[in-house]
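Summary of the model geometry
As a plain string of letters, each chain reads:
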Amino acid sequence: MLDVYMIVALLASFGLFYGFLTWCGSVIDQTGES
Amino acid sequence: MDILQMLIVIAILVLLVKPLGTYVYHVFSNEHNRLDKVFGGPERLIYKLIGLKRREGMSWKIYALSFITTNIILAAFSYLILRLQNVLPFNPNGMGSMEPTLTFNTVISFITNTNLQHYSGESALSYFSQMAVIMMMMFTSAATGFSVAIAFVRGITSKGQTIGNFFEDFVKAHTRIFLPVSFILMLVLVALQVPQTLDPTLTVKTLEGAMQQIAIGPVASLESIKHLGTNGGGFFGVNSAHPFENPNPLTNVIQILSMWALPAALPYTFGLFAKNKKQGWVVFTAMMCLFLVFLSAAYTSEKMGNPALSALGIDASQGSMEGKEVRFGIAQSALFTTVTAAATTGTVNNMHDTLTPLGGLVPLGEMMLNVVFGGKGAGLINMLMYAILAVFICGLMVGRTPEFLGRKIEPREMKLIAVAILAHPFIILVPTAIAFMTDLGHGAITNPGYHGISQVLYEFTSSAANNGSGFEGLGDNTPFWNISTGLVMLLGRYISMIAMLAVAGSLVRKQPVPETIGTFRTDNGLFTGLLIGTVLLIGALTFLPVIVLGPVAEYLTLR
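All of these numbers come straight from a predicted model, not from anything done at the bench.

Points about the pairing of strand β1 (residues 202-205) of chain B
Taken residue by residue, a regular strand's side chains alternate between the two faces of the sheet. Residues and elements named next belong to chain B. Note: β1 against strand β2 (residues 211-214), four bridges, orientation antiparallel. Following the sheet pairing, Thr203 is matched in β2 by Gln213. Hairpin connection between β1 and β2: a loop of five residues separates the two successive antiparallel strands, and Gly209 in this loop has a positive phi of roughly 90 degrees.

The following block contains the structure:
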């Protein structure tokens with residue numbers, strides 16, 4: 001059972017980074033070239 | 001003599017910077033060159049096997065998604081091997097499967113290039129795990145960091161929409177740098193008496209008639225990539241203090257140079273990409289100035305010895321030799337410690353927990369700044385992050401729009417840089433505070449008093465900086481420490497990488513601004529000073545209170 005928790009924690013962490021990547025993208029695209 | 005041998009190693013390093021930096025530039029510039037004749041064939045075969053038909057450039061988002069996804073797959077694969085090592089081949093010593101939270105920690109540790117080890121390799125891993133998980137991830141994590149750094153450099157020095165192809169960079173980092181160089185290094189280490197065998201642990205009779213087990217294994221192959229990839233850790237629990245990992249002063253110098261050369265050469269590579277070598281030397285000089293300050297502090301502190309021992313009338317003329325190997329002495333130990341923390345390798349040739357308080361502050365401080373050469377690619381990315389911040393601050397002071405390498409620096413880039421810079425102290429100080437507040441955390445402290453604070457602080461700082469060394473008096477192989485440091489290692493690795501790739505993706509799309517007489521130059525001595533000042537002001541002041549509570553307070557109690 002502990003294995004399941006650890007694997008879920010590992011995948012959830014990487015899921016968090018996908019979310020962070022999306023947020024970074026929204027910051028970069030806020031105002032379009034300059 | 002001590003100072004001379006340190007100066008010789010530094011001189012050799014400086015001589016390596018230009019040829020190595022040029023070589024790395026040719027590997028990743030994607031221009032046809034003579035290297036293609038040697039490596040082109042095997043690379044085309046690999047591209048065919050992984051289905052990479054067109055090596056088109058990627059946007060920063062696709063590049064980041066590619067490296068994160070590759071890392072997830074490698075982590076999952078490694079988790080399974082460590083849990084099943086008891087039924088897999090090449091297990092002559094009958095190792096059992098690794099405990100789940102320790103597996104979680106170990107997989108994250110090696111995929112993030114940290115190589116923090118809450119176990120001893122010789123008593124916890126089969127040869128198959130050492131090779132298929134530990135060594136495999138030593139290659140792939142180093143190649144990932146290198147690829148991201150090169151992509152970031154492309155982003156801030158070129159014009160277009162893309163920053164390279166991750167899979168092409170990842171393959172080239174292996175085929176043209178890590179595999180050939182680590183193979184040569186392995187042969188050199190074998191010639192210098194480092195073991196390389198699949199034979200099981202030896203059982204021998206000692207002179208006193210007792211039976212003793214002596215662990216051996218494929219040590220040399222792991223040693224070469226662990227340094228070259230600034231991975232750290234080691235085949236044995238005591239890393240490069242073990243005579244089979246690091247038999248003599250010559251292997252010690254080879255190991256120092258092999259972990260230091262590539263991070264030191266990357267600023268020169270950056271200068272070549274920027275088509276302004278002086279730009280690269282500015283970054284290198286800033287890194288080297290900080291390094292020399294840290295090295296002087298480490299050597300002086302260890303050479304002066306421990307006042308508490310001197311007060312007992314013990315001869316301290318050799319310096320503080322507690323936890324150090326006699327065959328290396330103070331100079332080779334201080335240099336190794338300063339380099340392993342600077343390059344965020346994290347392997348040790350002496351026990352950092354027994355360094356004098358100010359000697360222990362050196363690796364701690366280097367990891368807190370995380371820009372003194374730094375690990376594979378991470379140090380360069382972090383230093384360039386501070387360079388952009390320095391330009392921004394100077395722009396604010398003189399009332400001009402800040403520019404770096406001809407690109408305007410705007411609020412959106414600064415927002416991401418601020419997140420990346422603030423994340424580092426946040427993921428160190430918050431978990432440290434939590435550890436002090438819980439029985440699970442402070443139950444692991446073996447040194448009461450100020451040194452106990454340093455132990456906990458060092459563990460999380462090492463995890464956040466993806467270094468991997470430790471004050472090993474800390475009893476850290478528990479679920480609390482395995483999970484907490486595992487999460488810190490992940491955050492320390494990926495937040496800054498993703499944020500800085502986003503900055504690169506933003507800058508690569510901008511129209512370069514023509515240089516005018518009013519342009520703030522970033523390739524001279526003045527900017528070198530400003531860069532060092534920014535690093536110290538932002539990085540050092542953030543951590544000053546906790547440093548006073550730990551190493552400084554301990555130092556004052558010993559006087």
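So, a nonpolar patch on the surface
Residues and elements named next belong to chain B. A surface patch of nonpolar side chains, amounting to about 490 Å² of accessible area, comprises Met1, Leu4, Ile8, Ile12 and Leu16. Relative to the helices and strands, Leu16 resides in helix α1 (residues 2-28). Leu16 gets classed as partly exposed once you look at its relative accessible area, which sits at 31%.

Some thoughts on the packing of aromatic side chains
Residues and elements named next belong to chain B. Counted by the stated rule, this structure contains 25 aromatic pairs over all chains. With centroids separated by 5.9 Å and ring planes inclined at 50 degrees, the aromatic side chains of Phe28 and Phe146 adopt a geometry described as tilted. Of this pair, Phe28 sits in helix α1 while Phe146 sits in helix α6 (residues 127-157), and the two are 118 residues apart along the sequence. Comparing Phe28 with Phe146 shows no difference in burial state: the two are buried. Between Phe235 and Phe236, the ring centres sit 5.1 Å apart and the planes meet at 65 degrees, which makes this aromatic pair edge-to-face. Of the residues examined, Phe235 reaches a relative accessible area of 2% and is grouped as buried.

Let's talk about unusual backbone geometry
All names here are of chain B. In the Ramachandran plot, Asn239 falls in the positive-phi region, its phi being about 55 degrees despite a non-glycine side chain. Looking at where Asn239 falls in the secondary structure, it is placed in the loop between α8 (219-228) and α9 (249-273). With a phi angle near 55 degrees, Lys275 is a residue other than glycine that sits in the positive phi range. Take Lys275: it is sitting in the loop between α9 and α10 (277-304).

Concerning the nonpolar core
Residue and element names in this part refer to chain B. One finds Phe67, Phe178, Trp260, Phe270, Phe291, Phe404 and Ile498 to be the most contacted residues of the largest nonpolar core, which totals 159 residues. The element that contributes the greatest number of residues to this core is α6, accounting for 19 residues. One finds Val456, Phe460, Phe480 and Ile547 within the second-largest nonpolar core, a separate group that totals 22 residues.

Topic: helix α14 (residues 378-398) of chain B
All names here are of chain B. Its 21 residues place the ends of α14 30 Å apart at the C-alpha level, agreeing with the 30 Å of an ideal helix rising 1.5 Å per residue. Counted residue by residue, α14 has 15 buried out of 21 residues, so it is predominantly covered. The positive-phi residue at the C-terminal boundary of α14 is Gly399, with phi of around 75 degrees.

What to know about the packing of α14 of chain B against helix α18 (residues 479-507) of chain B
All names here are of chain B. Axis separation between α14 and α18 bottoms out at 11 Å; the angle between their running directions is 55 degrees. In terms of axis orientation, α14 runs oblique to α18. Helix-helix and strand crossings are classified by hand; for α14 and α18 the assignment is left-handed. Residues Ile381, Asn382, Met385 and Ile388 of α14 touch α18, and the partners they reach there are Ser496, Met500, Val503 and Leu507.

A short note on helix α7 (residues 166-191) of chain B
Because an α-helix completes one turn every 3.6 residues, residues spaced three or four positions apart along the sequence face the same direction. With 26 residues, α7 of chain B extends 36 Å from end C-alpha to end C-alpha; this agrees with the ideal 38 Å at 1.5 Å per step. The axis of α7 of chain B is deflected most strongly, by about 35 degrees, at His174 of chain B.

Considerations on the interface of chain A and chain B
Accessible area lost when the parts come together is the quantity often used to give the size of an interface. Each partner contributes residues to the interface: chain A has 25 residues there, and chain B has 37 residues. Roughly 2800 Å² is buried in total at the junction of chain A and chain B, and carbon and sulfur atoms are behind 75% of that figure. For chain A, the biggest contributors to the area lost against chain B are Phe14, Phe17 and Ile28 of chain A; these three give 24% of the whole. Scanning the region where chain A abuts chain B turns up one salt bridge. Where chain A touches chain B, the interface holds three residue pairs in polar contact (both at pLDDT 80 or more). Its residues placed into classes, the side of chain A that touches chain B shows 16 nonpolar, six polar and three charged.

Looking at the environment of His451 of chain B
By the element assignment, His451 of chain B lies in helix α17 (residues 450-464). Not counting residues within four places of it along the chain, the set of residues in contact with His451 of chain B comprises Asp353, Phe471 and Glu554 of chain B.

Remarks on the side chain of Asn246 of chain B
Residue and element names in this part refer to chain B. Along the chain, Asn246 turns up in the loop between α8 and α9. Residue class for Asn246 comes out buried when judged on its relative accessible area of 0%. Among the polar contacts listed, one links the side chain of Asn246 to the side chain of Thr251, at a separation of 2.7 Å. Beyond its immediate chain neighbours, meaning those up to four positions away, Asn246 contacts Ser240, Thr251, Asn252, Gln255, Arg327, Phe328, Phe336 and Asn349.

Looking at the pattern of salt bridges
Residue and element names in this part refer to chain B. Inspection of every chain in the model, using the stated rule, returns 14 salt bridges over all chains. Lys324 is the salt-bridge partner of Glu302, the closest N and O atoms lying 2.6 Å from each other. Here Glu302 is found in helix α10, whereas its partner Lys324 is found in the loop between α11 (307-310) and α12 (329-342), with 22 residues between them in sequence. Summarising the burial analysis for this pair, Glu302 and Lys324 share the class buried.

What counts as what
- Residues numbered from 1 in each chain as written.
- Chains lettered and ligands numbered in written order.
- Predicted model: local features only at pLDDT ≥ 70, side-chain atom pairs only at ≥ 80, totals over all residues.
- Heavy atoms only, no water.
- Pairing = 2+ DSSP bridges.
- Helix = DSSP H or I, 4+ residues; strand = E, 2+ residues; numbered from the N terminus.
- Patch = residues over 30% accessible without salt bridge, like charges linked within 9 Å, V, L, I, M, F, W, Y side chains within 5 Å.
- Areas by Shrake-Rupley, 256 points an atom, 1.4 Å probe, with all protein chains shown as cover.
- Salt bridge = Lys/Arg side-chain N within 4 Å of Asp/Glu carboxyl O.
- Buried < 20%, exposed > 50% of the residue type's maximum accessible area, 1.4 Å probe, protein only.
- Phe/Tyr/Trp six-rings, centres within 6.5 Å; stacked < 30°, edge-to-face > 60°.
- Core = buried A, V, L, I, M, F, W, Y, C linked by side-chain atoms within 4.5 Å.
- Expected span 1.5 Å × (residues − 1).
- Axes fitted to C-alpha atoms, helices over the stretch in contact; angles between N-to-C directions.
- Parallel < 35°, antiparallel > 145°, perpendicular 65-115°, else oblique.
- Left-handed = near helix turned anticlockwise from the far one by under 90°.
- Contact = heavy atoms within 4.5 Å.
- Bend = angle between axes of the 7 residues up to and from the residue.
- Buried area = accessible area lost by both parts, 1.4 Å probe.
- Polar contact = N/O pair within 3.5 Å; in protein donor to acceptor, adjacent residues only side chain to side chain.
- Nonpolar A, V, L, I, M, F, W, Y, C, P; charged D, E, K, R; others polar.

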